[in-house]
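This is what each chain is made of:
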Amino acid sequence: MYHYGYGCHHPRVIIHPTQCCVQQHFHTEEVVHVHPVQIQHVNHLLYQHVHEYPVSQYETCQVHHQNIQCGAPPCC
C-alpha cells in the first residue's frame, strides 16, 4: 500500500479486461440488373393450292333404224 501524505491512502485500482461493444452500421446500395428482351415477330404465309376439275356434260342421240320385212314384197 502506498501512502499519500498525511495518512491518506491511495485507493486500490482494479482494471478489468476491456469490454468490446460492437456497433453495427448498415447501408443499402442499389445494384441495377439489366435484362434485355428482344421480340421477334414471325409472319407465316400459307399458300393453299386448290385444284378444280370443271366438268362439262353433253348428250348425243344415237338413232338406229331397223327394217323388218314381214314376208316377201308383193309382186306388182
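It should be noted that the structure appears before, not after, this text.
Residues numbered from 1 in each chain as written. Predicted model: local features only at pLDDT ≥ 70, side-chain atom pairs only at ≥ 80, totals over all residues. Heavy atoms only, no water.

Caption draft 1: Summary view of the overall build of the protein chain. Each helix and strand counted, the protein chain has zero helices and two strands in total. In the protein chain, buried positions account for 0% of the 76 residues. For the protein chain, the accessible area works out to roughly 10,100 Å², and carbon and sulfur atoms hold 55% of it. (Helix = DSSP H or I, 4+ residues; strand = E, 2+ residues; numbered from the N terminus. Buried < 20%, exposed > 50% of the residue type's maximum accessible area, 1.4 Å probe, protein only. Areas by Shrake-Rupley, 256 points an atom, 1.4 Å probe, with all protein chains shown as cover.)

Caption draft 2: The state of the cysteines, seen in detail. Overall, the coordinates contain zero disulfides when judged by the stated rule. There is no disulfide at Cys 21, and the cysteine sulfur nearest it, in Cys 20, is 6.8 Å away. Judged by its relative accessible area of 61%, Cys 21 is exposed. (Disulfide = S-S within 2.5 Å.)

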